[in-house]
Structures are given as structure tokens and as C-alpha cells.
Amino acid sequence: MKIRLAFRLKIFALIVITGNAFSSVKAGEGMWLLSLLDSLNFKDMQEKGLRLSPGEIYNINHSSLKDAVVIFGGGCTGELISPEGLLITNHHCGYSRIQAHSTVEKDYLTNGFWAGSLQEELPNPGLNVTFLVRMEDVTNKVLDGITDAMAETDRSQQISSRINVIRNEAIDGTHYQAEVKPFYFGKAYYLFVYEVYRDVRLVGTPPESIGRFGGDTDNWIWPRHTGDFSLFRIYAGKDNKPAEYSPDNVPYKPKKYLNISMNGVQEGDFTMILGYPGRTDQYLTSGALEMIALKALPAKIDIRTERLNALQEEMARGPENRLRYASKYVGISNAWKKWIGVTNGVERSGAVDNKKKTEDTFKKWAGALPADPEGYAGLMDEFSRLYKLYKPHYLAYDIGTEMLSALELSSLMNRSQTMFFGTADSSEQVRKTVTDKIITMGENYFSNGALEIDRRIMPSLLRIYYENTDPAFHPAFYATLRNEFNGDYQLFVSDLFEKSHYTNQARFNQLFSKSGKAVSKKLSGDPLTNVYREFSISLMADAFGKLDSLNREINKLYRKYVTGLQAMDTGKLFYPDANFTMRLTYGKVESYVPADAVYYDWYSTLDGIIEKEDTAIADYHVPIKLKEVYVQDDTAPYAIDGKVPVCFIASNHTSGGNSGSPVLDANGNLVGVNFDRNWEGTVSDYAYNPEICRNISLDIRYVLFIIDKVADADWLLDELTLIKN
Ligand code: ASP
């Protein structure tokens, strides 16, 4: 009897384990396509609390939530919050625009900016917002007659030409733009039609001490107290259609804007996010994950550490330097810190081993198939074979390009030589104009501290590349470095800098005052140019050339792998990797346990800002006005039990690109603005883990509190629709 019971328990345990692994996506996991919500997710969303119909979220015949959500600039999300085209996104998404408007005298980064009226809103040439008009499954049109037996190059050529036709048909006679994107490694294709607005003005931003409170120290960290928002307004022509900037343009009247909930959230509440996650790689094999997260990222982290240290030194030289480098610094450090989180998260969550387990299960399943015409049984071995070839090329290319792009010299060399030789056959007048431009580029480079930064970081960068890549990709100059400079990177780089035309303004100007022939002769003897030339051959010709064809072959394997996984577990819902198309993710407000004996609550408050204040650390300066309001307890109607809510966490599966996305409650009202993830949770780009993955959002009531009490910009509040039960 006892034995039987134990046996039964074992069977039960097996069901639970396999059930967890394969039958449903984990709670909170998934970035879903909006047009499929009805058929795939709606029931589950309803059970979890949603009180809207799928048509209220996505509809192409009448307005729906999707009409209130935009791509902001090139890589963030934003949402409409008023009938007058007012838009909210993150402070870090508007950062470069705020920086561009800032001067030492009018330093909006430091002091914030609030327009007092429409007339005071600031135009941002080049900034766009993009609305999704509709999406359509065009798989059949793209893949009709295309088989897996075709060579991948033929396949992709045919597909590209069909995509062109579909795209052109979709926008024919309209002012729309369109793109067709592959999903599941080319198993499915969707068309997206967009409308782009080009007059977008800055309305308001809190000072950095609110919008970036906690700075790099707190970035990617929970608990968090960052007021990460900025406000912009979309302007349109008198017909409400997109128009280039003009003072005559008028505020855009959106099809849909979001109502704002004053009710806040509680632990366990349903939340959903609409937005544009940029990229995830959920289906990577264990070997690929190991290569990316445990080999390439650590080297790239080291490269960025060098860069950040050098930039910090430059920025400490004075306010002008700080403003000049602020946006660049923030961009570099954002990915740098994220990568550290990813490598830690991969190790902590055992993501590589978990993937190995899935692969073993897949192999067993495939091995037991009565017939295997697809060749699933040999798929994992085929992956291993290709990745073995792929890895040295990938590491050289990935680490090498990170290294070269870290040096401003790279772009100066590249651009000056392309421009100079590109106009070799042009008229004298054209050549003169181009030479003048090159001289100006040089002036900028030599006057803005970039040369010093390059000189400082180049020795370590060359070493990091060398130590983390296969000798087959070490350009010949490394032998010179070893033989003639005793392996001393510092000496080697000093010598390059002493002799090169690119490291001295007079030599640079002199070089480009010469004829084409003379310039090429001089460059062929220029030691720095030669280092670059050798790298270009190693990286572009050798590494990239091979990677390109291997990528196609690997892509084909992944297509097969996803098809196999779906066949293995027909009850499971699969979602495609993020590719910067609009997605919906849903989960709930949830605390978590980051480590043994540590519990992280799900929300933070203004009290925490006051606790964190440290006048000796720039990241923790608190503006006087915010402190005054706190001390006077002037916090109604935003405080709950005397505390002003600031941020909260939830289990919504997000990624880069979701910055600025609306966090909506069960009724579709705005409760927060997504801006980050917890550090270890960034592993969700490769393997979502419900125990540790959380997205971090700004509580919308903190936004209102700042606008109202700190910025005194209450004219803006009059535009909003606030909902209070
Ligand atoms: N803070 C992130 C970003 O910079 C958003 C995320 O990845 O969750 O894109």
C-alpha cells in the first residue's frame, strides 16, 4: 500500500513538472500580438481580471486602446493622455531632446522645464511619433509556394520581393508607412501600417533630480524612486494630419487618449502594458545563451567600464563638459548596467541549464516519433555543429564592433576618408566644400575632449579584444605590439598617437589639404589607419562575411525548432520574440524575494526619496521644492494614508523599447508608466522567470503630484481625465 502511494505521488510529481515546463507559459510571461488577443489570450486575461473586450484594446474599425499608444522617437513608447495631443513618455526617452534645449544659462536637465502655455512649448526637429493604423497576417501571401527545401538565399530573395509588393500595395495613395516583419524566424509574417507625426514639442520635464533620481546607482534596481517622465505634445496640420513643423500647426486631436486612474493599484491587481518591446531571444539554445551572456557580454561590459570611467573624468571638468556628454554617458551606462544584470540573472536562474533540460526533452520526444520527416531528432546536434563554427566569428565581430564604436576616432576616420575619396572625381568646388566639412569634423573632435578619451581607453580596449577572441581574428599589429613593444599596450598606443595624422589637429588639417594621391600615400603609412584597416579586414571581411551565411543556416534551424516545440506541446501558447512591433503583456502587481531572507515590497513612496537623500552624491540630490512640499505635507489628493506613492512593480513581461509604455488597469485606465526592470529580471530577454522578473513603473499619481505641487503647471492637469471610484 505504501509503495503504491509513493509510486502514485511520483507520477503526480512528474505530471506537475512536465506540466510546468510545457503546458502553459509562465505567469506574466508573453508579449502577445494584438490582433490575436481574442483567439489566444482573452479568456485567460478575463480570468485574471480584465474587464474590457478584445475590441476595446485592438480594433481597426473604431478607436481602441492601441490608438493611444505610439512609438516615441526611434526606440521608446509613449501614450496620449489628453484630447489635445498631450503625450507622456519616460524622462530617459526625452533625455537627448531635453539636453538639446539645455545651455549652461538655461539648464533644463538640472532645473526642469515647464511650458506656461502652448506658445512656450519647444519644437524638436527630427523627433517623430508613430501610430499603428493596422496590422495584418500576410503569412500566406509571403510564403505561398516557398518551401524549406529551397536554399535560404533564394528563399529570402523571393520573400523580400513579395514583401515589397505587399508594403507598396498597403500604402498606395495614402500618406502612411508600412513594414512587413518576420515572426518565429520566418514562419509567419505580419504587415504593419503606420502614420507618422513630425511636429512634436516638449511641454514639460522635471529636473534630473526627480526624472533621473537615483541615477546610474539605482538604474535597473528595485526599490526605486525615479520620477522618470516627460511630457510632449503632438501637433498636426489644420486637417489633423501629419505636417512638418510650423508655428501654424495645431494640437493633434487623437482618436483615443487614456483616462487616468486616481485609484492606484494593490498587490495582486491585474495590469497590462501596450508598447514596443525591442528585442528578445527566448528561443536561443543553451549553447547560444552561454556564448552571448557568459562570453560576449562580460567583455563588452569591460569595454564600457573603461569608457564610462573616462567620460566621468571629462564630465567632472566643468558644466559645459557635463552637458556635452550627459546623454552619451546615460546611453552607454544604461546598456552596461543591464548587461551586468543579464549575466547575473542567467547565472542565478540557471537559465543555461534550464534550456539544456528543454533540449533534452525535445531530443527524447523527437527520438520517440514514429516518423521524423522534419529531422527533429538530429536538430540539437546540428545546432551544436553550427554554433561551434559560429562562436569565434561571433565573438570577434560582437566584441570588435563594440570596441571600435567606443572610439570616436573610428567615426572620424571612417567619415573623413569616405567623404574625401568619395568625391575624388568631383569638381574642385565640390571637393573644397567636402574638405571644409572634414576640417570642421576634425575641429569638433580635437576640441571636445574626445581625443583624450580615445587615448586613455584604447590600450585597455585592444587588450580586452585580444583576450576574449580567437587568435584567428587577431590582426597582424598584435604581433608588432608583442615583438616591438614588449606586449605593452600603453606604449604601443602612445606610439600610434605620436605618429598618426588623426591625433593632432595641425597634421590632420595638413593631410586633407593635399591631393587625393598624396592623401592615400600618407594614409598608407599612417600607423593608426593601418590598425583600423587590419581590424576592418578581420571583422568585416573574415568574421562578418562568414556570420552572415551562418546566420541564415542557424535561422533555418530555429524555424524548425519552434515548429517542433509547438508540435511537441500542442496545448501550450507560444508567443513570438519581440521585434519592435506593438505587443500586449499582462500580469499582476507583485512583490518578490530577491535573495534568501530578503523580501521586496511592491511599491515605493516619497518617504524613500527623503531617506535616500544624500547631498554628497549627485544621484541622490532632492530638489528643495520637493522637500518643502513633503515637510508641509501638502500631498492631497495624491497621498494614501499620508504617503505619496512613487513606483510599483508587477510581473509584466517587458523589454527595452517598452520604456514609456502605459501600464493599464483592468478597465484600461492609466495607472503607471513603465520605465525599467529589476536587475536580475533583465534575464527575461532570454528566459523569463516568474520568480525574479518584474517590470518597474512610475505610479501615475506621482506624475500628477509633481506637475501639480512641484512644477506648479496645473494648466496641464485641466486637460486630463481623472477617474476616481
Ligand atoms: N529601462 C529600460 C530601457 O532602457 C526598459 C527595459 O528594458 O525594461 O529600455
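One can find the structure itself at the top, above this paragraph.
Below is a short write-up of the structure. (Residues numbered from 1 in each chain as written. Predicted model: local features only at pLDDT ≥ 70, side-chain atom pairs only at ≥ 80, totals over all residues. Heavy atoms only, no water.)

**Some points on the overall build of the chain**
1) Next: Helix and strand content of the chain: 26 helices and 23 strands.
2) Next: For a compact globule of 725 residues, the expected C-alpha radius of gyration is about 27 Å, and the chain comes in at 27 Å, within 12% of that figure.
3) Next: Projecting the C-alpha coordinates of the chain onto the three principal axes gives extents of approximately 85 × 70 × 60 Å.
4) Next: Scored against the burial criterion, the 725 residues of the chain give a buried share of 55%.
5) Next: The contacts of the chain with a sequence gap of at least 6 include a subset with a gap of at least 24, amounting to 77%.
6) Next: Accessible area of the chain: about 31,600 Å², with a carbon and sulfur share of 52%.
7) Next: For the chain, the distance from the average position of its 80 positive side-chain charges to the average position of its 92 negative side-chain charges is 5 Å. (Helix = DSSP H or I, 4+ residues; strand = E, 2+ residues; numbered from the N terminus. Rg over C-alpha atoms; globule rule 2.2 N^0.38 Å. Buried < 20%, exposed > 50% of the residue type's maximum accessible area, 1.4 Å probe, protein only. Contact = heavy atoms within 4.5 Å. Areas by Shrake-Rupley, 256 points an atom, 1.4 Å probe, with all protein chains shown as cover. Lys, Arg positive; Asp, Glu negative; His and termini not counted. Charge placed at Lys NZ, Arg CZ, Asp CG, Glu CD.)

**Some remarks on the nonpolar core**
1) Next: By size, the foremost hydrophobic cluster in this structure holds 209 residues, and its most contacted members are Ile 57 and Met 272.
2) Next: The element contributing the most residues to this core is helix H22 (residues 527–568), with 15 residues.
3) Next: Core analysis: the next-biggest nonpolar cluster, separate from the first, contains 15 residues, Val 142, Leu 143, Tyr 189 and Leu 191 among them. (Core = buried A, V, L, I, M, F, W, Y, C linked by side-chain atoms within 4.5 Å.)

**Points about the packing of aromatic side chains**
For any two aromatic rings, the description comes down to two numbers: the centre-to-centre distance and the angle of the planes.
1) Next: A full pass over the atoms with the stated rule returns 45 aromatic pairs.
2) Next: Ring centres of Tyr 465 and Tyr 478 lie 6.4 Å apart, and the angle between their planes is 20°; this geometry places the pair in the stacked category. Linking Tyr 465 in helix H17 (residues 450–468) with Tyr 478 in helix H18 (residues 477–484), this pair joins segments that are 13 residues apart in sequence. The pair formed by Tyr 465 and Tyr 478 is uniform in burial state, with each residue classed as buried.
3) Next: Where Tyr 478 meets Phe 535, the ring centres are 6.5 Å apart and the plane angle is 90°; that geometry is what we call edge-to-face. You can see Tyr 478 sitting in helix H18 and its partner Phe 535 sitting in helix H22, a full 57 residues away along the chain. Grouping residues by exposure puts Tyr 478 and Phe 535 together as buried. (Phe/Tyr/Trp six-rings, centres within 6.5 Å; stacked < 30°, edge-to-face > 60°.)

**As for the site of the ligand**
1) Next: Near the ligand, the surroundings consist of His 92, Trp 220, Asn 334, Ser 655, Gly 656, Gly 657, Ser 659, Phe 675, Asp 676 and Arg 677.
2) Next: Side-chain polar atom of Asn 334 to an oxygen atom of the ligand: 2.9 Å apart, as the coordinates give it.
3) Next: Protein chains bury 92% of the 270 Å² of accessible surface belonging to the ligand in isolation.
4) Next: Looking at which element gives the most residues to the shell around the ligand, the answer is strand S21 (residues 670–677), with three residues.
5) Next: Here the residues of the shell around the ligand are counted per class, giving two nonpolar, six polar and two charged. (Near = heavy atom within 4 Å. Polar contact = N/O pair within 3.5 Å; in protein donor to acceptor, adjacent residues only side chain to side chain. Nonpolar A, V, L, I, M, F, W, Y, C, P; charged D, E, K, R; others polar.)

**Some thoughts on the pairing of S21**
1) Next: Extensive coverage of S21 is indicated by the burial of eight of its eight residues.
2) Next: Examined bridge by bridge, strand S20 (residues 662–664) and S21 share three bridges and lie antiparallel to one another. Within the sheet, the bridge partner assigned to Pro 662 lies in S21 and is Val 673.
3) Next: A loop of five residues connects S20 with S21, the two strands running antiparallel in sequence, and Gly 668 in this loop sits at a positive phi of about 85°.
4) Next: Here S21 pairs with strand S22 (residues 695–699) via five bridges, running antiparallel. (Pairing = 2+ DSSP bridges.)

**A short note on the state of the cysteines**
1) Next: One pass over the structure, following the stated rule, counts one disulfide.
2) Next: Here Cys 647 stays unpaired: no disulfide links it, and the sulfur of Cys 93, its closest cysteine neighbor, is 15 Å away.
3) Next: In this structure Cys 647 comes out as buried when scored by relative accessible area, which is 1%.
4) Next: Looking at Cys 693, it has no disulfide partner, and the nearest cysteine sulfur is the one in Cys 647, 18 Å off. (Disulfide = S-S within 2.5 Å.)

**A word on the side chain of Gln 417**
1) Next: Take Gln 417: it is sitting in helix H15 (residues 408–422).
2) Next: The residues contacting Gln 417, other than those within four sequence positions of it, are Gly 422, Tyr 502, Leu 523 and Thr 529.

**Here's the deal with the side chain of Asp 665**
1) Next: Counting through the fold element by element, Asp 665 comes out in the loop between S20 and S21.
2) Next: No salt bridge is formed by the buried Asp 665. Its closest oppositely charged neighbour is Arg 51, at 6.4 Å.
3) Next: Apart from residues lying up to four places away in sequence, Asp 665 is in contact with Ser 261, Phe 270, Met 272 and Val 671. (Salt bridge = Lys/Arg side-chain N within 4 Å of Asp/Glu carboxyl O.)

**Side note on empty space enclosed by the protein**
1) Next: Summed over all chains, the structure comprises four cavities of 30 Å³ or more.
2) Next: Its volume calculated, the largest cavity comes out at about 70 Å³.
3) Next: Every residue lining the largest cavity is listed: Arg 307, Leu 311, Tyr 325, Lys 328, Ile 332, Ala 406, Glu 408, Ile 453 and Asp 454.
4) Next: Within the residue set of the lining of the largest cavity, elements represented by two or more residues are helix H11 (286–315), helix H12 (319–348) and H17. (1 Å grid on protein atoms, 1.4 Å probe; cavity = no way out; pocket = protein on both sides within 12 Å on 5 of 7 lines; lining within 4 Å. Points joined across faces, edges and corners; volume = space filled by probe spheres on them.)

**Some thoughts on the packing of H15 against H22**
1) Next: The geometry of H15 relative to H22 is characterised by a closest axis approach of 11 Å and an angle of 90° between their N-to-C directions. When the axes of H15 and H22 are compared, the pair comes out roughly perpendicular. In contact with Leu 409, Ser 410, Met 413 and Gln 417 of H15, H22 contributes Leu 528, Thr 529 and Tyr 532.
2) Next: Split by residue class, the contact of H15 with H22 holds four nonpolar, three polar and no charged. (Axes fitted to C-alpha atoms, helices over the stretch in contact; angles between N-to-C directions. Parallel < 35°, antiparallel > 145°, perpendicular 65-115°, else oblique.)

**Observations concerning the environment of Arg 348**
1) Next: With respect to the helices, strands and loops of the structure, Arg 348 is situated in helix H12.
2) Next: Here Arg 348 falls in the partly exposed class, since its relative accessible area comes to 47%.
3) Next: Taking C-alpha positions, Arg 348 is 8.0 Å from Glu 680, a pair spaced 332 residues apart along the chain.
4) Next: Not counting residues up to four positions away in its chain, the partners in contact with Arg 348 are Pro 594, Glu 680 and Ile 692.

**What about helix H13 (residues 351–367)?**
1) Next: The end-to-end C-alpha distance of H13, which contains 17 residues, comes to 24 Å, matching closely the 24 Å that a straight helix rising 1.5 Å per residue would cover.
2) Next: Structurally, H13 contributes buried residues whose contacts are with H11, H12, helix H14 (379–406) and H22. (Expected span 1.5 Å × (residues − 1).)

**Remarks on unusual backbone geometry**
1) Next: Cis peptide bonds are those with omega within 30 degrees of zero, and the linkage from Trp 222 to Pro 223 qualifies with 0°.
2) Next: Within the fold, Pro 223 resides in the loop between helix H10 (215–218) and strand S11 (230–236).
3) Next: Positive phi outside glycine occurs at Phe 185, with the angle close to 60°.
4) Next: Residue position: Phe 185 is located in the loop between strand S8 (177–183) and strand S9 (188–197).
5) Next: Notably, Asp 712 is not glycine yet its phi reads approximately 50°, a positive angle.
6) Next: With respect to the secondary-structure elements, Asp 712 resides in the loop between helix H25 (700–710) and helix H26 (714–717).

**Quick word on the environment of Cys 76**
1) Next: Position of Cys 76 among the secondary structure elements: in strand S3 (residues 76–80).
2) Next: You can call Cys 76 buried: its relative accessible area is 12%.
3) Next: For the pair Cys 76 and Asp 216, spaced 140 residues apart in the sequence, the C-alpha separation amounts to 19 Å.
4) Next: Leaving out residues up to four positions away in the same chain, Cys 76 has contacts with Val 70, Ile 71, Thr 89, Cys 93, Phe 580, Gly 657 and Ser 659.

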